[in-house]
Amino acid sequence: MRADAARADRYKAVRDAAHGWRNARAIDEEQLRSIVAAFRDDRGRLGLGLRILAGLAAFVGGGAFIGLLGSIFWSTGGGPVLACVMTLVFTAATEYQIGPLRRAQGGAEYATAVLAVVCGVWAWVSLFKGQPFVLMGAAASILIALAAWRWGYALLAAVATICFLVTCSQGNFGRVAWLALGPLAFPLMLRSARSPRRPPAHRRCLAAIGLILLTAAYVAVNPYSLDHRWIEQLAEGFGGPAPDWLRFPAIAGTILMPPLVLAVAVRYRNRLLLAAGALFTAASLVTLRRYHPIGPWWLSLTLGGIACLALAVAIRRWLSGAPARERAGFTAEPLFEDRRALRAAQAATTLIAMSPAARAAPDAHFEGGGGRSGGGGASGGA
Amino acid sequence: MNPDVVSAIDKLVREGVLEPRASVPLRRAALGSLVSVGEELRILLAAGVIVVMTGVGVLVKQNLDRIGPVAIAVVLGVAAALFLGWAWRRAPAPSFAFDSVLLLGALLAAADLAFIEVKFTPLGEHWTWHLLLVAVAYAGLAFRFDSKSLFSLSLTSFAAWRGVSVSGVATPWRSVVGEDRLLIEALICGVIFLALGKLLESSRLKPHFEPVASWLGSLLIVGALAFRLETNDGRVLVAAALAGSGLVLAWFAWDERSVGRYAVGIGAIAVGAAAVAGEVIEYLDLGRNAFLIVVVLLAAAVITLILRAHRSLKASA
């Protein structure tokens, strides 16, 4: 990552924190201005809406540009050369935007970075056609990881990790490899992702890698994924059913992993691990319900939902009942973070999940104009 | 934990920008020795509401014959009344779980109403009107408890009522084919929502509800027109309408400095223009490359517009 981009990233973290302090009235307007002046932003940043639109426009425009050149050069057998040239073009475009143009969170540089990676993988695949999948996958993982490291995009780091896991799944020991990589998540998320030597963008990349590895380890131990050979199906010519002796360790892992992750999350006060632990707990309960049906589904769901509600209220009361409204470094009171985006996402999820679907009722259910209600009415039954 | 913020706090204390005592909680939060899980608990509450409602839906679907419709309707009604009653007594001092309990009560009441309508058909051939009743009830609760979530659900229920009604209720555009009837209803709903947003803002009744209504209205208009582009008949007209409505949305959004809606408007103009160009290119048989050139040029135009808007916003700030 460029030194100036890393510095800008660190300064942005400080400014964001200062805005959070101001929102919580921990500092006054003058102090905020002093902090913003001391950690000045030298980047061109867009708001979320414009950023998304700029990213989409650059991605679609760039894709159309590739298609245009492809239609000219493809028939002459120049596909691999075109892919290499496009990789260089989009890499240069990204570097130019992040470097001389000083762009960050502008959308367009993100889109050109993604296009550079796509073209790079395409170039590799077309240049080394016929090579084993493991070689292709490993090369793609390295390429995407290099892009993530250079530009600091957590999405690219996550994609590189997924690519690496798919590469590892080839052969007879894919599941073992996924499981063995899982413990790496803890040092990555608890140490490397908190290191002051790394800029925030790299720390986000490391946290994303850790989260993917941890999730992969959970998938590797889950009996449902074992029975349905999820990981083995990723390999070319995967074998038959899972051996019986694997069932007990898988069941034990599914039971033990969620509390283990939650315990580490509480011990190190890591919110990402806390979320992962909560999701693993839910997944383990669903797996348990799948193999040992305890009552009907509606009862499980209703009790599960009520348990969520009761747990949230109980934890809130427990934390708020402590002397300084905190226990073991946790509090339910708002601190100095701006979480409007999280709340907006929460509201959108509720809206999407609970809105009645807008749809045209089938005509067959109704008798058209001239029905019992009179000339304009309809008289179909529901 | 954010080590950059920790070192920044130390620097700011040394420079006298922050007082040492006031910096202690800031430093603890930045170090990660004090962590807030308030939002995580809210998410857990919202997840609980969604899971309970899913369970209720499965219960109604799977056990109707065994339990009987009257028992189910009564249980749902009692549960809804309990939750809404609790919320009514707590207002106007909302507590931590207030929003979730209110939402659960309102959703249970709506589910009960829908169930009664399906099983006992009190509204008969006018069954779709129960969605309007739900929309009005949600709106009433939203205004009473100042809940944006319920106001959003009220608007989407209203849109769903119009969506269901197109083939069941007399409208001047009844002779129009199914998809276009849905389009007309969606456009009308979108305009109503936009007007409602303006009304709420200008009357100072609930000005903070305005973004909800305006966003839903904008997305409904743009989404319905974009969705209609999939159909060949009259595509040029629909594409032109999409570009035109995008222009109007962007214009008004720019006046209000609503960057997000401005972006939606510009996006709609670009998609509409691309669709018109596609039709013209197809008519003139200019080939695929001509269309790709248009897309590249449009993308460049969109990025230029965005950068100009950004510069203008920065200058005015």
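1. A short note on the overall build of chain B
- Scanning chain B for helices and strands turns up 13 helices and one strand.
- Walking chain B from its N terminus toward its C terminus, one meets helices and strands in the order α-α-β-α-α-α-α-α-α-α-α-α-α-α.
- For a compact globule of 317 residues, the expected C-alpha radius of gyration is about 20 Å, and chain B comes in at 26 Å, more than 25% above that figure.
- Its C-alpha atoms give chain B principal-axis dimensions of about 70 × 70 × 40 Å.
- The buried share of chain B, reckoned over its 317 residues, is 47%.
- When contacts within chain B are restricted to residue pairs at least 6 apart in sequence, long-range pairs at least 24 apart make up 53% of them.

2. Let's talk about the overall build of chain A
- For chain A, the count of helices and strands is 15 helices and one strand.
- By the burial criterion, 39% of the 382 residues in chain A qualify as buried.
- If you take every contact in chain A between residues at least 6 apart in sequence, the share linking residues at least 24 apart comes to 62%.

3. Describing the confidence of the model for chain B
- In the predicted model, chain B carries a mean pLDDT of 87, and the fraction of residues at 70 or more is 93%.
- As scored by the predictor, the complex reaches a pTM of 0.85 and an ipTM of 0.84.

4. Focus on helix α4 (residues 79–98) of chain A
Residues and elements named next belong to chain A.
- Here α4 contains 20 residues, and its C-alpha end-to-end distance of 28 Å stays within 8% of the 28 Å for a straight helix at 1.5 Å per residue.
- Every buried residue belonging to α4 is among Leu-82, Ala-83, Met-86, Thr-87, Phe-90, Thr-91, Ala-93, Thr-94, Gln-97 and Ile-98, and all of these are buried. One face of α4 carries all of its buried residues, which in axial projection span an arc of 165 degrees.
- Buried positions along α4 lie against α1 (3–23), α3 (48–73), α5 (108–127) and α6 (133–151).

5. Re the domain arrangement of chain B
Residues and elements named next belong to chain B.
- When cut into domains, chain B gives domain 1 (36–165) and domain 2 (170–317).
- Taken over C-alpha atoms, the centre of domain 1 sits 32 Å from the centre of domain 2.
- Between domain 1 and domain 2, the contact holds nine residues from the first and ten residues from the second.
- The residue makeup of the side of domain 1 that touches domain 2, split by class, is five nonpolar, two polar and two charged.

6. Concerning the nonpolar core
- Among the nonpolar cores identified, the biggest contains 200 residues, and Ile-144 and Ala-217 of chain A together with Val-302 of chain B are the most heavily contacted of them.
- No other element matches the 15 residues that helix α10 (residues 200–221) of chain A contributes to this core.

7. So, the interface of chain B and chain A
- The partner chain A presents 83 residues to the 89 residues of chain B that form the contact.
- Of all the elements, helix α3 (residues 38–62) of chain B adds the most residues to the side of chain B that touches chain A, at 21 residues.
- Its residues assigned to classes, the side of chain B that touches chain A shows 56 nonpolar, 24 polar and nine charged.
- Note that strand β1 (residues 330–331) of chain A and strand β1 (residues 35–36) of chain B share two bridges and pair parallel. Looking at the pairing, Phe-330 of chain A lines up with Val-35 of chain B of β1 of chain B.

8. Side note on the confidence of the model for chain A
- When the pLDDT values of chain A are averaged, the result is 87; 87% of them are 70 or greater.
- This model gives residues 358–382 of chain A a pLDDT under 50, and the stretch forms 50 contacts once residues within four places in sequence are excluded.

9. Notes on the packing of α3 of chain A against α4 of chain A
All names here are of chain A.
- The interhelical angle for the contact between α3 and α4, taken along N-to-C directions, is 150 degrees, at an axis separation of 10 Å. Judged by the inter-axis angle, α3 sits roughly antiparallel to α4. Considering only the axes of α3 and α4, their crossing is right-handed. Side by side, α3 and α4 meet where Gly-62, Ile-66, Leu-69, Gly-70 and Phe-73 of the first sit next to Gly-79, Leu-82, Met-86 and Phe-90 of the second.
- Residues that form the contact of α3 with α4 fall into these classes: six nonpolar, three polar and no charged.

10. Quick notes on the domain arrangement of chain A
- Segmentation of chain A into domains returns domain 1 (1–42), domain 2 (46–129) and domain 3 (149–238 + 245–250 + 259–273).
- The partner domain 2 of chain A presents four residues to the four residues of domain 1 of chain A that form the contact.

11. Comments concerning helix α13 (residues 288–316) of chain B
- In this model, α13 of chain B (29 residues) spans 42 Å end to end at C-alpha, consistent with the 42 Å of a helix rising 1.5 Å per residue.
- Within the span of α13 of chain B, buried status applies to Leu-292, Val-295, Leu-298, Ala-299, Val-302, Ile-303, Leu-305, Ile-306 and Ala-309 of chain B.
- In this structure, the buried side of α13 of chain B is in contact with α3 and α5 of chain A together with α12 (259–284) of chain B.

Conventions and cut-offs
Residues numbered from 1 in each chain as written. Chains lettered and ligands numbered in written order. Predicted model: local features only at pLDDT ≥ 70, side-chain atom pairs only at ≥ 80, totals over all residues. Helix = DSSP H or I, 4+ residues; strand = E, 2+ residues; numbered from the N terminus. Rg over C-alpha atoms; globule rule 2.2 N^0.38 Å. Buried ≥ 20, exposed ≤ 12 C-beta atoms within 10 Å, placed from the backbone. Contact = placed C-beta atoms within 7 Å. pLDDT = per-residue confidence, 0-100. Expected span 1.5 Å × (residues − 1). Arc of directions from axis to C-beta. Domains from an automatic or database assignment. Nonpolar A, V, L, I, M, F, W, Y, C, P; charged D, E, K, R; others polar. Core = buried A, V, L, I, M, F, W, Y, C linked by C-beta atoms within 7 Å. Pairing = 2+ DSSP bridges. Axes fitted to C-alpha atoms, helices over the stretch in contact; angles between N-to-C directions. Parallel < 35°, antiparallel > 145°, perpendicular 65-115°, else oblique. Left-handed = near helix turned anticlockwise from the far one by under 90°.

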